[in-house]
Amino acid sequence: MSILVVGSVALDSIRTPFGNRKDILGGSATYFSIAASFFDKVDIVAAVGEDFPKKYITLLKGKNIGLEGLEIKKGGKTFRWSGKYEYDLNTAHTIATHLNVFKNFDPKVPKSLSRPKVLFLANIDPDLQAKVLRQIKRPQIVACDSMNYWIENKRASFEKLLDKIDILLLNESEARQFSGELNLVKAARLIVSFGPKAVVIKKGEDGVIYFSKRSHFVAPAYLLENVYDPTGAGDTFAGGMIGYLSRVGKTGDNDIRKAMIYGSIMASFAVEGFSVNKLLDISVTDIRRRYDKYRKITRF
Ligand code: AMP
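Because the structure is predicted, anything quoted here is derived from the model rather than measured. (Residues numbered from 1 in each chain as written. Predicted model: local features only at pLDDT ≥ 70, side-chain atom pairs only at ≥ 80, totals over all residues. Heavy atoms only, no water.)

Caption draft 1: The packing of aromatic side chains, seen in detail. Within this structure, the stated rule accounts for 11 aromatic pairs. Arranged with centres 4.3 Å apart and planes meeting at 10 degrees, the rings of Phe 32 and Phe 120 form a pair that is stacked. Of this pair, Phe 32 sits in helix α1 (residues 28-36) while Phe 120 sits in strand β8 (residues 118-121), and the two are 88 residues apart along the sequence. Of the aromatic side chains, those joined through ring pairs into one cluster are Phe 39, Tyr 244, Tyr 262 and Tyr 291. (Phe/Tyr/Trp six-rings, centres within 6.5 Å; stacked < 30°, edge-to-face > 60°. Helix = DSSP H or I, 4+ residues; strand = E, 2+ residues; numbered from the N terminus.)

Now the structure itself:
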């Protein structure tokens, strides 16, 4: 058994200063699982509609991602998100969220997937995240991501979930929104008081911080010259981080630190192309090369 992820599998429409794309492959579970697939076996629990292009199913299967838990809803429409970025690529502005098949989704974890090594509750309705958590034997690591949309619309469900997870990943504006604290150290401390052992706060091109009751760690983002589309950076970071932790099967301080670097490296690839295009283009050797370069850049 390996990594199980529940999250969105989506068709995104994106506007950035570098171009527009319509109905391209997106979704939190999609980015996560493609990134994590470089480290360990991943299975998805999610739903799509009949309009979900077959070529995307083939693409996910091609990455050896398990789709036994991906429901194709008869007559349903795939979740759609549209967003835009201004020149500040750190902030996504949501134009529209159409939940479609996720409105009445009742996730069923196939029995064969109910004992994962690691569970990742990717960004989706916290009630769906909780439903999946209830159906599995609790693994060694349960990590969770969310988004302003759910913090705003499902705060009570989200808070309840926090007590049941080990690592929460949020971006800095979500951490501030949830905690009501401007300062991220204070925000992190408050978030951890809700139950998770640790919180990872993603700051886009400013890097990422890890904060637990015992320690904290700061990792800069890998410096890039060309960023085309930041969509999915957070989920891809999670895929690298959780994928690495799953592969090594340990969560000591050193493992967490290395995992955060792998997360940062994977995210740096994701933003170099629209949708998951760049992630499909790289190999383990590219990841290792960037990892070594990152070490050199940050050593002092
Ligand atoms: P990220 O840029 O890593 O925060 O995640 C981007 C992905 O999240 C996009 O591909 C969207 O399809 C997906 N997404 C956007 N809004 C939501 C939402 N409310 N619930 C679940 N997934 C979403």
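Resuming the write-up.
Caption draft 2: Looking closely at the side chain of Ser 82. Its location among the elements puts Ser 82 in strand β6 (residues 79-84). Judged by relative accessible area, which is 17%, Ser 82 ranks as buried. Once residues lying within four places of it in the same chain are set aside, the contact partners of Ser 82 are Ser 13, His 93, Thr 94, Ile 95 and Ala 96. (Buried < 20%, exposed > 50% of the residue type's maximum accessible area, 1.4 Å probe, protein only. Contact = heavy atoms within 4.5 Å.)

Caption draft 3: View of the packing of α1 against helix α8 (residues 233-248). Where α1 contacts α8, the two axes come as close as 7 Å, and the packing angle between them is 40 degrees. Classified by the angle between their axes, α1 and α8 sit oblique to one another. In this structure, the crossing between α1 and α8 has a hand that is right-handed. Contacts between α1 and α8 pair Ser 28, Tyr 31, Phe 32, Ala 35 and Ala 36 from the former with Asp 235, Thr 236, Ala 238, Gly 239, Gly 240, Ile 242 and Gly 243 from the latter. When the residues that make up the contact of α1 with α8 are grouped by side-chain class, the tally is 6 nonpolar, 5 polar and 1 charged. (Axes fitted to C-alpha atoms, helices over the stretch in contact; angles between N-to-C directions. Parallel < 35°, antiparallel > 145°, perpendicular 65-115°, else oblique. Left-handed = near helix turned anticlockwise from the far one by under 90°. Nonpolar A, V, L, I, M, F, W, Y, C, P; charged D, E, K, R; others polar.)

Caption draft 4: Structural detail: the pattern of salt bridges. Tallied over the entire structure, the rule returns 20 salt bridges. Among the ionic pairs, Asp 286 bridges to Arg 289, the shortest N-O distance being 3.8 Å. Of the two residues, Asp 286 and Arg 289 both sit in helix α11 (residues 284-298), 3 residues apart, roughly one turn of that helix. Classification of Asp 286 as partly exposed rests on a relative accessible area of 24%. Overall, Arg 289 belongs to the exposed group, its relative accessible area being 56%. Residues joined in a network through salt bridges with shared partners are Lys 22, Asp 23, Asp 51 and Arg 80. (Salt bridge = Lys/Arg side-chain N within 4 Å of Asp/Glu carboxyl O.)

Caption draft 5: Broad picture of unusual backbone geometry. The phi dihedral of Asp 23 is positive, around 50 degrees, even though this residue is not glycine. Structurally, the position occupied by Asp 23 is in strand β3 (residues 19-26). A positive phi is found at Ser 275, a non-glycine position, where the angle reads about 50 degrees. Tracing the backbone shows Ser 275 in the loop between α9 (253-270) and α10 (277-281).

Caption draft 6: Quick look at the packing of α9 against α11. Between α9 and α11, the least distance of the axes is 10 Å, while the angle of their chain directions is 115 degrees. Here the hand of the crossing between α9 and α11 comes out right-handed. Listed contacts from α11 to Lys 258, Ile 261, Tyr 262, Ile 265, Met 266, Ser 268 and Phe 269 of α9 are Asp 286, Ile 287, Arg 290, Tyr 291 and Tyr 294. Counted by class, the contact of α9 with α11 contains 8 nonpolar, 1 polar and 3 charged residues.

Caption draft 7: Structural detail: the site of the ligand. Around the ligand, the surrounding shell holds 18 residues, and the nearest of these are Ser 8, Asp 12, Gly 27, Gly 232 and Asp 235. A distance of 3.0 Å separates a nitrogen atom of the ligand from a polar atom in the side chain of Trp 150. For the shell around the ligand, the secondary-structure elements that each account for two or more residues are β2 (10-16), β6, α4 (148-153) and α8. Among the elements that make up the shell around the ligand, the one with the highest residue count is α8 (3 residues). Residues belonging to the shell around the ligand are distributed by class as follows: 9 nonpolar, 7 polar and 2 charged. (Near = heavy atom within 4 Å. Polar contact = N/O pair within 3.5 Å; in protein donor to acceptor, adjacent residues only side chain to side chain.)

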